[in-house]
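Chain by chain, the residues run as shown.
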Amino acid sequence: MALSNLTRSDKLKVVLKNYGPAFFIIGYVVGTGSVTSMVVSGANYGLSLSWALLLSCFFTYFLLVAISKLTIVSGKTLMFNFKNAFGRPLTIFIITALLISIVSSCIGVMGVVAEVAMEWINVKTSISFLNGPIISIVFIFLLLALFWTGKHKNFINAMSIMVGFMAFAFVITSVIVIKESGKSITEFFPKLPEGIDNTGLVIAGIVGTTMAGVCLASRSILVQEQGWEIKDLKTEKKDARSSMVMTFIISLAIMISATGTLYFQGVHVDNATDMMNALGPWAGDFALTLFTLGIVGAGLSSIFPNLLLLPWLIADYSDTKRDMKKPLYKCLVVLIALSALIVPFFGGKPVWILIASQAISPFVMPLITLFLLILLNRSKIMKDHKVSIGMSIALIATLIFNCYMLYVALNGFLDFV
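Now for a quick tour of the structure. (Residues numbered from 1 in each chain as written. Predicted model: local features only at pLDDT ≥ 70, side-chain atom pairs only at ≥ 80, totals over all residues. Heavy atoms only, no water.)

## Looking at the nonpolar core
Thinking step 1. Of all hydrophobic cores here, the largest spans 124 residues; its most connected members are Met-79, Phe-82 and Leu-372.
Thinking step 2. Non-local contacts of Leu-372, meaning those with residues more than four positions away in its chain, are made with Leu-63, Ala-66, Ile-67, Leu-70, Leu-78 and Phe-82. (Core = buried A, V, L, I, M, F, W, Y, C linked by side-chain atoms within 4.5 Å. Buried < 20%, exposed > 50% of the residue type's maximum accessible area, 1.4 Å probe, protein only. Contact = heavy atoms within 4.5 Å.)

Here you go:
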């Protein structure tokens, strides 16, 4: 049936079927981690590190296409394919690395959310009895209640709308910044000062939040749940392309906004509250509230899927049903949720903890890319659908990029420590 003959609701269902995984990628990637990494990069370095964003989006596209094709042709998800082909120890190593990324991300995200929410409360209200630990407990209790009752879809949709407003605001702000800054475009790309701390960690964080290992692993699960078949291979390529183009546009807009509003004013970002003026030129007095709503929405909407990802990966590994009512899965969700309370209760710099959590992803990406390259060229698995020479070359280039990012991330962590 032609799309023009469908009702509005049926058209929406078709769009969600064709681009559902893309929406998940955009929603997951453009979250608190992405906003933090891009704002810190723009505020501290202008657009000098935008090359890392461009390359990470470019190479992530090939990984999304590769993972989707492997899942569609084999009928099995990523970790199960890895276990069958390369054994349990290496696959468990990958899952463990992804678990570290999940937990550290929850810790950093909740730290940023609590700090930003407290700043808004202190500036905009006269409430005095609230503090970071209380706010974080309320948020975690809300997420666990939604998980326990299964009534989380409307909540996540509401959070996504808040994030969408923030993303739109950053896009508008970036246009205004370029138009009204009075700076030439070359001034947006300053020379990096020598000996500056944490540059490598920020680069790894930019790449890690875009080319997120956890997000790529979940891509396989979403493709399987989507029910895509061989006939949908073109659709999955369009889906991957759409997700990366939108991710690049929104992330670059955040970076430009931070450059215009923070870098040119000499404001470096070390704390979450330092980021709150990044929307100033467009939102004015409402900037603080809009940024707070966006960060809270992005934070909660990214923590919630993080709570589910370890059970998903275990089910993926064992090729079993993703039944979130299992006692083991419920316990894992609660433990990961409680880990998010570490920064609000014990302190730390959530901005750099969050960036560090994103920078963990490059440590496992070379292995994932290498395994994909091998499996996609195996006739036993791919049958008549082995990847082309061009795609193999693209994956080899992605592998080289990931190895370089591993080197950058390692140096970044050594400098950070």
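## Comments concerning the packing of aromatic side chains
The way to describe two aromatic rings as a pair is by their centre distance and the angle between their planes.
Thinking step 1. Considering all chains together, one arrives at 12 aromatic pairs under this definition.
Thinking step 2. Between Phe-86 and Phe-371, the ring centres sit 3.8 Å apart and the planes meet at 10°, which makes this aromatic pair stacked. Here Phe-86, found in helix α4 (residues 78-86), pairs with Phe-371, found in helix α16 (residues 365-376); they are 285 residues apart in sequence, far enough to count as distant.
Thinking step 3. Seen from their ring centres, Phe-188 and Phe-264 are 5.1 Å apart, and the 85° between their planes marks the pair as edge-to-face. A residue pair is termed long-range when its members are at least 10 positions apart, and Phe-188 in the loop between α7 (153-180) and α8 (199-210) and Phe-264 in the loop between α10 (233-261) and α11 (280-283) qualify at 76 residues.
Thinking step 4. Residue classification places Phe-188 among the buried residues on the basis of a relative accessible area of 1%. (Phe/Tyr/Trp six-rings, centres within 6.5 Å; stacked < 30°, edge-to-face > 60°. Helix = DSSP H or I, 4+ residues; strand = E, 2+ residues; numbered from the N terminus.)

## Details of the pattern of salt bridges
Close approach of charged atoms lets side chains of opposite charge pair.
Thinking step 1. The tally for this structure, following the rule as stated, stands at four salt bridges.
Thinking step 2. With its nearest N and O atoms 3.1 Å apart, the salt bridge here joins Arg-322 to Glu-225. Here Glu-225 lies in helix α9 (residues 213-226) and Arg-322 lies in the loop between α12 (287-318) and α13 (327-339), a separation of 97 residues in the sequence.
Thinking step 3. Here Glu-225 falls in the partly exposed class, since its relative accessible area comes to 49%.
Thinking step 4. The closest approach of N and O atoms between Lys-231 and Asp-232, which form a salt bridge, is 3.7 Å.
Thinking step 5. By relative accessible area, Lys-231 is classed as exposed at 64%.
Thinking step 6. Asp-232 gets classed as buried once you look at its relative accessible area, which sits at 9%. (Salt bridge = Lys/Arg side-chain N within 4 Å of Asp/Glu carboxyl O.)

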